[in-house]
Amino acid sequence: MTAETSDFAETEEKLDINSANRSGGLHITIRTKLLAAFLGIVGVMLILAFTGLSELRKANLRTAELLQDQTRLSNLQVFDNSLQQIWLNGTAIFAETGGNTMLGDSAGFFEDKLHVIQSLGHLVESRNQPDLSIFSTNEIAEVSRKTQEINRIGLEVVDRYEAGQIAVAKSIFELQLVPIIKSLDNSISKRYALLRGDMRSRALVNQNAFDQSRQMMLVAAGLAVVAAVLLGFLISKSLILAIERIRLTLRKVSQGDFTARTNIKNTDELGDLARSANRMTERLGALYDELETANQHKSQFLANMSHELRTPMNSILGYTEMIRDGIYGPVPQKIDDPLHRVEVNGKVLLSLINDVLDISKIEAGALELTLDTYSMPEIINDVVATIEPLAESKGLNIRTEVDGGFPAGYGDAGRIRQVILNIVGNAVKFTEKGYIDINLACDDESFVVTVFDTGVGIAEEYLDKVFLEFKQADASSTRAAGGTGLGLAISRKIIEMHGGRIEVDSSHGKGSTFTVVLPLQTARG
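This one's a predicted model, so the numbers in the text were calculated from it and none came from an experiment.

Chemist: What exactly am I supposed to notice about a nonpolar patch on the surface here?
Modeler: On the surface, a cluster of nonpolar side chains totalling about 310 Å² of accessible area is made up of Leu 250, Met 280, Leu 284 and Leu 287. With three residues, the single largest contributor to the nonpolar patch is helix H6 (residues 269-324). Within the secondary structure layout, Leu 287 lies in helix H6. Judged by relative accessible area, which is 43%, Leu 287 ranks as partly exposed.

Okay, here's the thing in C-alpha cells:
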C-alpha cells in the first residue's frame, strides 16, 4: 500500500467517524454488536443449561433414592424368602422322617435328606445378615439377635439330625427355631409393607416433580427461542437490511445510475461503508462524465482524422487507377505489377479507414441513416455479384434462395448492403472449401436474411465476442485471413439503428450461421 493510499484510507476513516458523530449516534462496531448478541445468546443458553442441570440433579437424587429403596426391598424379600425356605424345608424333612425314626433302609434316600439339611445350614449361614439400614436402631439389635439365634439353633438342628437324634432335632426345630422364624418373618413383612408404601409415595412425588421440571424446561426453552428470535431480528435489522440497501445502490450504480445513494442510520462499519459508497458513486459519476467527454473527443478526433486520411487515400487510388489505365501513357509491365499491389493494399487501407470512421461516428452519435425505399433481393444480388469473384478464386460456390414477390423495404440501402457484404465476405474469407448459402425470407413485419457457410466455425467460448469492437473470435485464423475486428461490431450497430438484430449460431469445425432480422419499415429519428 502506498503512502498516498494509506493517507486516503485514514482520511476516509476520519470522515466516517466524524459523520457518525455529527449524526448524534455512538460509533458501535459490528464486532461489538455481534459480540453483544453472542453473549446474550450464551447467557440465555447458560441459564437454560443451569436450569436443566439443576432439575436433572434433583431427578438423579430422587432416582437414586428409589433405587436404594428398591435394593432394600429386594434384600427384605430375599431375607423373607430365606426364612420361608428354612421353615418349609425343615417341616417337609421332619414330616418325612416320622418324627423319631430314620428314613428307613434306603441309605441313598437318607443321604439326599442330609444334603438338604446341609443346604439348609448353608442357606442360614449365607442369608442371615440382611441390609440392616432399613430398620431403626432398636429393630437392628432385635433383628441381629434373632438372626444369630436362627443360625445357632439351625446348626444345632443339623448336628442333631446328622447324629441320628431325629426326634430331638425335630423338637428343637419346632419348639425353638420355628417361633423365632415366625417372629422375625412377621417383623420383616411389616417393614416390607411400609417400605413398599414409601416407594409408591416417592414414585408419585418423582412423577410430579418430573412433570413440573418438564413444564419448567419447556417454558425456559420457549423463552430462549423468543430471545434468540428477538436478537436475530435486531441483528438482521441492523446488519442485513443495511447490506441489502447498499447492494441495491451498488446494483443501480452498475447499471449506470450514478445518482443512487444509500441512506442508512447505522453508526457501525456498515454506515461507514454506505457513506464511502455514496462518495465513491459521486466520484464515479464525475469520472464517468469526464470519460464520456473524453470518449466523444476521441471519437470526434478519429472521425476527423479518418476523413482527412480518406481524402488523400482516394486520391492515391484514383491516380494509381488512371496510371494503370494508360491515361498518362503506356505503363510497362515491370511497373504495372507494383502499381497493382499499391492499389490492392490501398483499398484495404481505405476499408480500414472507413471502418474506423464508421465506428467513430457511431460512438459519437454522428452516424445518420439515409432512409428511402429499397429492394432487399437487389441488395443481396448486388452483394453476390461483388463477392462472387473472390469465392470462385477459392473454389467456393455461393448458393442463393431469393425468390421474387418480396415487398419493398424502407431504410438505408447503402448501410444494409454494407452489413450483408460484411457477413458474406467473412463467410468467404473463413471458408476454404464447400459453399455459402444465402437465404431471404419475409413475414408481415421483417426481412430475415440467413447466411450459412461450411468454414472453420466459431468455438462456443468466442460466440459472445464476435460483435465486440476490436475483438476477434479466433486471433490465429483472423490474423491469417486479415481483419480488424470492427466489421461485425459496425454491422450490429447499423442493424440495431434500423430496429433489428443479428444472431449467430456456430460451433468449431462445423461452419457458422448468421441471421439478420430487419424490420420492413425503419422508423425515422
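Chemist: Explanation requested: the pairing of strand S7 (residues 512-519) in the structure shown.
Modeler: Along a regular strand, successive side chains alternate from one face of the sheet to the other. By the criterion of burial, S7 is predominantly enclosed, with seven of the eight residues buried. As paired elements, strand S5 (residues 446-453) and S7 share eight bridges and run antiparallel to each other. Directly across from Val 451, in S7, lies its bridge partner Phe 514. Bridge analysis of strand S6 (residues 501-506) against S7 gives six bridges, and the strand direction is antiparallel. Each residue of the ladder has a partner; that of Ser 506, found in S7, is Ser 512. Connecting S6 to the antiparallel partner S7 that follows it, the hairpin turn spans five residues, and Gly 509 within it adopts a positive phi of roughly 85°.

Chemist: What exactly am I supposed to notice about the sheet that holds S7 here?
Modeler: Where strands meet in a sheet, backbone hydrogen bonds hold them as pairs that are either parallel or antiparallel. In space, the five strands of this open sheet follow the order S2-S4-S5-S7-S6, with mixed pairing throughout. Every other strand in the sheet has two partners, leaving strand S2 (397-401) and S6 as the edge strands with one partner each. The mean angle between the axes of side-by-side strands here comes to 15°, regardless of whether they run parallel or antiparallel. Sheet topology places strand S4 (residues 435-442) next to S5; seven bridges connect them, and they run antiparallel. Bridged to Asn 439 within S5 is Thr 450.

Chemist: Would you take a moment to explain the pattern of salt bridges for this structure?
Modeler: Should the charged atoms of two oppositely charged side chains come close, the side chains can pair. All told, the structure shown has seven salt bridges when counted by the stated rule. A salt bridge links Arg 417 to Asp 382; its shortest N-O distance comes to 2.3 Å. Of this pair, Arg 417 sits in helix H9 (residues 413-429) while Asp 382 sits in helix H8 (residues 376-393), placing them 35 residues apart in sequence. Since its relative accessible area comes to 25%, Arg 417 is described here as partly exposed. Of the charged contacts, one joins Asp 437 and Arg 399 as a salt bridge, the two residues approaching to 2.6 Å between their closest N and O atoms. Taken together, the positions of Asp 437 in strand S4 and Arg 399 in strand S2 put the pair 38 residues apart, joining distant regions of the chain. Looking at Asp 437, the relative accessible area reads 21%, which means it is partly exposed. Since its relative accessible area comes to 37%, Arg 399 is described here as partly exposed.

Parameters and conventions
Residues numbered from 1 in each chain as written. Predicted model: local features only at pLDDT ≥ 70, side-chain atom pairs only at ≥ 80, totals over all residues. Heavy atoms only, no water. Patch = residues over 30% accessible without salt bridge, like charges linked within 9 Å, V, L, I, M, F, W, Y side chains within 5 Å. Areas by Shrake-Rupley, 256 points an atom, 1.4 Å probe, with all protein chains shown as cover. Salt bridge = Lys/Arg side-chain N within 4 Å of Asp/Glu carboxyl O. Helix = DSSP H or I, 4+ residues; strand = E, 2+ residues; numbered from the N terminus. Buried < 20%, exposed > 50% of the residue type's maximum accessible area, 1.4 Å probe, protein only. Pairing = 2+ DSSP bridges. Axes fitted to C-alpha atoms, helices over the stretch in contact; angles between N-to-C directions.

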